[in-house]
Amino acid sequence: MEHTMKDMMDASNLTKLFAEIDIDRTQKFSLREFRDLMNHPKLRTYLQLRGIDIKDSEAFYNMLRCIVGDVSSVDAETLVNVCLRMRGFATSIDVQTLSFETKLLGRKQALHYEHFVRQFTRLQEVLKSVERRLSEARPLHAEAQRADDWADLPGRAAAKQGEAEAVLML
């Protein structure tokens, strides 16, 4: 119970602090605003006293954006919740949970990779088949073109003869 009251007080204090530092009063922070926020002495002191050490503010901000799913900004409520969860050191169960989740993601990724490899292999086979059919059709097309040329030979000869007669009449 005491821990929950402390969390509620910390959340309230952080919310007030973020509101105080939030210049445009949107309760949302762009990367530039977040960098300024993380360099604010009052916030730095507050976080350090609670064991929250953010060494790389840009990486931390990108992690927050992934949590929120918003590509442009991070809201103050998310920032408060994440900061409260980051207090203190990771326990053994935290590390084991993270390891387990990472393994699950790795397995899912491997399954997707295998699926894509099969799909791309199939696509390559289809393309090779199309290329083979096209290469087989080219000689037939060229032969048909030559046959069309021969078939049209009398018509072209008559046209040339007509041109020659027209020139002679001049």
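Analysis parameters
Residues numbered from 1 in each chain as written. Predicted model: local features only at pLDDT ≥ 70, side-chain atom pairs only at ≥ 80, totals over all residues. Heavy atoms only, no water. Salt bridge = Lys/Arg side-chain N within 4 Å of Asp/Glu carboxyl O. Helix = DSSP H or I, 4+ residues; strand = E, 2+ residues; numbered from the N terminus. Buried < 20%, exposed > 50% of the residue type's maximum accessible area, 1.4 Å probe, protein only. Axes fitted to C-alpha atoms, helices over the stretch in contact; angles between N-to-C directions. Parallel < 35°, antiparallel > 145°, perpendicular 65-115°, else oblique. Left-handed = near helix turned anticlockwise from the far one by under 90°. Contact = heavy atoms within 4.5 Å. Nonpolar A, V, L, I, M, F, W, Y, C, P; charged D, E, K, R; others polar.

This paragraph deals with the pattern of salt bridges. Think of it this way: side chains of opposite charge can pair up when their charged atoms draw near. Going through the model one piece at a time under the given rule, you end up with five salt bridges. Residue Arg35 is joined to Glu58 by a salt bridge in which the shortest nitrogen-to-oxygen separation is 2.7 Å. Here Arg35 is found in helix α2 (residues 31-38), whereas its partner Glu58 is found in helix α4 (residues 57-68), with 23 residues between them in sequence. The salt bridge involving Arg122 is made with Glu125; its shortest N-O contact spans 3.7 Å. With Arg122 and Glu125 both in helix α6 (residues 92-151) and three residues apart, this pair spans about one turn of that helix. Classification of Glu125 by relative accessible area gives partly exposed; the value is 45%.

Viewed as axis vectors pointing N to C, α4 and helix α5 (residues 76-85) meet at an angle of 115 degrees, and their least axial separation amounts to 11 Å. In terms of orientation, α4 lies roughly perpendicular with respect to α5. When the axes of α4 and α5 are compared, the crossing they make is right-handed. Residues Phe60, Met63, Leu64, Ile67 and Val68 of α4 form the contact with α5, whose own contacting residues are Thr78, Leu79 and Val82. For the contact of α4 with α5, the residue count by class is seven nonpolar, one polar and no charged.

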